[in-house]
Amino acid sequence: MTQSLFATSALMPAKPRVKINLVGDELTLDWSRRQWGVAGFLCLWLTGWTAGCAMITYQLITKFEWQMALFATPFYTAWFVVAGLIVYMLLGRQRLVLSRDEMTITWKAGINYYRRVVPLDEVARALPDVTYTQQKNGPPKPVGVLSIETLGKPAHFASGIEDDEAKWLAETINVCLDGLAPHRTAVASAQLLAKTERRVGHELARLEDEEFEDDDEEADVVVYQPTGERQLRPSDSTWQLEHEGRSLEFTNRGRWSVGSIGGSLFINLFWNGIVSLFAVELFKNFEWFLALFLVPFVVIGLCIFAAFLAAITAPGWGERYSIQPGQVEHRWWCPVYGRTKVFPFEQLDRIEISESGFSEPAKNQIATKHFSQGDYQIALVDTNNAQVATVESLTEGEALWMADTILFEHPELFDRDR
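Conventions adopted
Numbering of residues starts from 1 in each chain and follows the order in which that chain's sequence is written. Local features in a predicted model are, by the rule used here, given only for residues with pLDDT of at least 70; side-chain atom pairs are given and counted only at 80 or more, and totals for whole chains, interfaces and linings are based on all residues. Hydrogens and water molecules were not included; the side-chain quantities draw on all heavy atoms of the structure. Numbered from the N terminus, helices here are DSSP runs of H or I no shorter than four residues, and strands are runs of E no shorter than two. The buried label goes to any residue with under 20% of its type's maximum accessible area, the exposed label to any with over 50%, and the partly exposed label to all in between, with areas taken from a 1.4 Å probe on protein chains only. By definition in these notes, contact holds between two residues if any of their heavy atoms fall within 4.5 Å. All accessibility values rest on the Shrake-Rupley procedure with a 1.4 Å probe; residue burial counts only the protein chains present in the view. A helix is expected to reach a length of 1.5 Å times the quantity of its residues less one. Note that the bend at a residue is defined as the angle between axes fitted to the seven residues ending at it and the seven residues starting at it. In this analysis, strands are considered paired if DSSP registers two or more bridges between them. Note on method: axes are straight lines fitted to C-alpha atoms, helices fitted across the in-contact stretch only, with angles between N-to-C directions ranging 0 to 180 degrees. What we call a nonpolar core is a set of buried Ala, Val, Leu, Ile, Met, Phe, Trp, Tyr and Cys residues that are connected through their side-chain atoms within 4.5 Å. Should an angle fall under 35 degrees it is called roughly parallel, over 145 degrees roughly antiparallel, and 65 to 115 degrees roughly perpendicular, with every other angle called oblique. Each crossing is labelled by how the near helix is turned from the far one, with a counterclockwise turn of less than a right angle marking it left-handed and a clockwise turn marking it right-handed. Ten residue types, Ala, Val, Leu, Ile, Met, Phe, Trp, Tyr, Cys and Pro, are classed as nonpolar, four, Asp, Glu, Lys and Arg, as charged, and the remainder, Gly among them, as polar. Like-charged residues within 9 Å of one another, or nonpolar side chains (Val, Leu, Ile, Met, Phe, Trp, Tyr) within 5 Å, are grouped into patches, provided each residue has over 30% relative accessible area and no salt bridge. Salt bridge, as applied in this entry: a Lys or Arg side-chain nitrogen positioned within 4 Å of an Asp or Glu carboxyl oxygen. For cavity detection a 1 Å grid was placed over the protein atoms alone, and a set of points counts as a cavity when a 1.4 Å probe fits there but cannot get out; an open set counts as a pocket when protein lies on both sides within 12 Å along at least five of seven lines, with lining residues being those that have an atom within 4 Å of a point. Grid points are joined across faces, edges and corners, and a volume is the space filled by probe spheres set on the points.

What follows deals with the overall build of the chain. Looking only at helices and strands, the chain has eight helices and 18 strands in total. Looking at the 418 residues of the chain, the share that counts as buried comes to 42%. Considering only intrachain contacts with a sequence separation of at least 6, the fraction spanning at least 24 residues in the chain is 61%. Carbon and sulfur atoms form 58% of the exposed surface of the chain, whose accessible area is close to 23300 Å².

Below, the structure written as structure tokens:
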């Protein structure tokens with residue numbers, strides 16, 4: 001395996017930036033992209049900002065005032081965020097480990113702050129890809145990255161990698177995957193994975209400014225056909241399967257996210273801290289001009305605060321799809337409100353799987369983007385060739401698992417033998 005690991009058609013770069021270590025059947029890849037220039041500038045900026053925060057702290061200690069405390073809030077918030085960015089830019093490192101049983105990706109900047117473990121049977125293959133970063137002026141900037149397709153959400157590795165090294169590294173990982181688990185489950189979904197390959201090809205063509213023709217119309221929709229093996233729920237899926245009498249229920253409940261809570265908290269402290277200063281001044285000395293001027297800023301602040309409340313109450317949000325003879329019932333709820341919709345049908349004909357946004361929208365479409373971030377959808381189609389209901393924003397594995405479960409546990413709902 002050691003000899004075949006680097007037997008790739010893509011040439012190995014003279015000086016690869018990814019550090020590779022192969023010990024037995026375990027492949028370890030380390031990637032770091034230190035941004036010395038930006039980090040140096042932020043260090044200079046933080047020096048002056050620290051002096052300002054120290055003066056504010058001294059003022060609060062010697063003569064505490066609530067207005068000064070509100071004034072200090074955005075300063076302290078910005079200090080912690082910029083300090084965290086500097087640590088990330090100088091110490092940030094990403095590690096990918098492939099072993100006999102699993103693929104592990106960790107992010108660390110002094111300490112581990114992200115870790116994802118995917119069973120090797122759920123890993124399909126690695127592909128060179130691109131992501132886009134927003135810029136203040138001009139269009140989004142393309143950034144090379146390695147995308148590892150799984151039955152769940154794709155895993156991204158080595159953001160900022162050069163295209164030639166990405167191609168070589170993708171082939172290296174694929175050779176290793178084929179050696180470790182040649183008959184892994186994810187390979188069975190190659191028909192849908194081909195769609196991802198075309199998308200990646202288009203993105204790389206845009207990155208290289210090459211001309212290409214859009215072939216998204218090809219194989220947009222796949223009618224799911226059960227195979228000899230059952231489709232399993234992806235390990236990273238938030239969906240749960242429950243049974244209530246003859247009803248088959250797929251339930252998805254929200255979960256706490258450190259990124260969502262931390263990001264919304266920072267924006268709240270920074271934005272609402274500044275707005276609160278003007279609000280206090282307005283209460284002390286009311287002026288119509290200042291009141292009207294503050295209206296849009298207060299409205300934005302309330303929206304930001306609502307986003308923060310949604311983040312910290314995430315486990316109280318959820319949705320459920322109950323599939324039973326004659327109807328599909330969708331229940332959506334949040335901590336203060338709930339809604340139920342029923343979609344009746346006489347007889348189903350098939351289940352279609354496609355990438356979201358490419359197929360005809362269902363007449364009774366159900367949006368699920370608040371709870372999932374996948375690119376696939378399943379559509380229940382009746383014998384009149386009309387879509388009864390569509391569940392969007394599923395990962396590839398979730399779509400396959402749901403379709404297989406419905407067909408296996410409720411074959412009587414369908415007009416044809418499966």
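Back to the write-up after that little detour.
Between its first and last C-alpha, helix H3 (residues 66-91) extends 37 Å over 26 residues, near the 38 Å set by a 1.5 Å rise per residue. The largest bend along H3 measures about 30° and falls at Ala72, with the proline Pro74 one to four residues further on. For H3, the full list of buried residues reads Ala69, Ala72, Pro74, Thr77, Ala78, Val82, Ala83, Ile86 and Met89. Against helix H2 (36-62) and helix H6 (258-284) lie the buried residues of H3.

Time to look at the sheet that holds strand S14 (residues 337-344). The pairing of strands in a sheet happens through backbone hydrogen bonds and is either parallel or antiparallel. On the basis of which strands lie adjacent, the open sheet formed by five strands has the order S10-S11-S12-S13-S14 and antiparallel pairing. Strands at the two margins of the open sheet, each flanked by one partner only, are strand S10 (239-244) and S14. Direction aside, the axes of adjacent strands within the sheet are offset by 15° on average. In this structure, strand S13 (residues 327-334) lies alongside S14, joined through eight bridges in antiparallel fashion. Across the sheet, Trp333 pairs through a bridge with Gly338, a residue of S14. Sheet strands touched by helix H8 (residues 396-409): S10, strand S11 (247-253) and strand S12 (318-324). Its angle to S10, the strand with the most contacts, is close to 15°.

We now examine H2. Under the 1.5 Å per step criterion, the end-to-end length of H2 is 38 Å for 27 residues, consistent within 8% with the ideal 39 Å. Of the residues making up H2, those classed as buried are Ala39, Leu42, Leu46, Cys53, Ile56 and Leu60. Of the surrounding elements, those touching the buried residues of H2 are H3.

Moving on: the sheet that holds strand S7 (residues 141-150). Ordered in space as S6-S7-S8, the three strands form an open sheet in which the pairing is antiparallel. Each edge of the open sheet is held by one strand with a lone partner, namely strand S6 (123-133) and strand S8 (155-157). Each strand axis lies, on average, 35° off the axis of its neighbour in the sheet, ignoring direction. Bridge analysis of S7 against S8 gives three bridges, and the strand direction is antiparallel. In the sheet register, Leu146 faces S8, and the bridge partner there is Phe157.

Grouped together as the largest cluster of nonpolar side chains are 31 residues, with contacts concentrated most on Phe250, Ile351, Ile353, Ile378 and Ile406. Breaking this core down by element, the ones donating at least two residues are S11, S12, strand S15 (348-355), strand S17 (376-382), strand S18 (387-394) and H8. In terms of residues, this core owes the most to one element, H8, which gives seven residues.

Packing of H3 against H6 leaves a shortest axis separation of 8 Å and a crossing angle of 165°. It follows from the interaxial angle that H3 and H6 lie roughly antiparallel. The hand of the H3/H6 crossing is left-handed. Contact with H3, carried on its side by Gln67, Leu70, Phe71, Thr73, Pro74, Thr77, Ala78 and Val81, involves Phe266, Leu269, Phe270, Gly273, Ile274, Ser276, Leu277, Val280, Glu281 and Lys284 of H6 and no other residues of that element. Looking at side-chain class alone, the contact of H3 with H6 contains eleven nonpolar, five polar and two charged residues.

Attention shifts here to a nonpolar patch on the surface. Taken together, Phe286, Trp288, Leu292, Val295 and Val299 make up a surface patch of nonpolar side chains, about 570 Å² in accessible area. For Val299, the position within the fold is in helix H7 (residues 288-312). Judged by its relative accessible area of 44%, Val299 falls in the partly exposed class.

Below, the discussion takes up empty space enclosed by the protein. The tally for this structure, following the rule as stated, stands at three cavities of 30 Å³ or more. Its boundaries defined by the atoms lining it, the largest cavity holds a volume of some 100 Å³. Lining the largest cavity are 13 residues, and of these Tyr321, Ile323, Ile378, Leu380 and Val391 lie nearest its centre. Elements supplying a minimum of two residues to the lining of the largest cavity: S12, S17, S18 and H8. Its residues placed into classes, the lining of the largest cavity shows twelve nonpolar, one polar and no charged.

A word on the pattern of salt bridges. Applying the stated criterion across every chain, the model contains ten salt bridges. Its salt-bridge partner being Glu242, residue Arg253 comes within 3.9 Å of it at the nearest N-O pair. With a gap of eleven residues between them, Arg253 in strand S11 and Glu242 in strand S10 connect regions that are remote in the sequence. According to the relative accessible area criterion, Glu242 is partly exposed, its value standing at 28%. Taking the shortest distance from any N to any O, the salt bridge between Asp349 and Arg350 comes out at 2.8 Å. A relative accessible area of 13% places Asp349 in the buried class. Sharing partners across several salt bridges, the network here consists of Asp349, Arg350 and Glu352.

In this model, Ala158 sits at a positive phi of 60°, which is unusual for a non-glycine residue. Inspection of the secondary structure assignment puts Ala158 in the loop between S8 and helix H4 (163-180). The phi angle at Ser393 is positive, at roughly 55°, despite the residue not being glycine.

In short, geometric facts, not functional conclusions.
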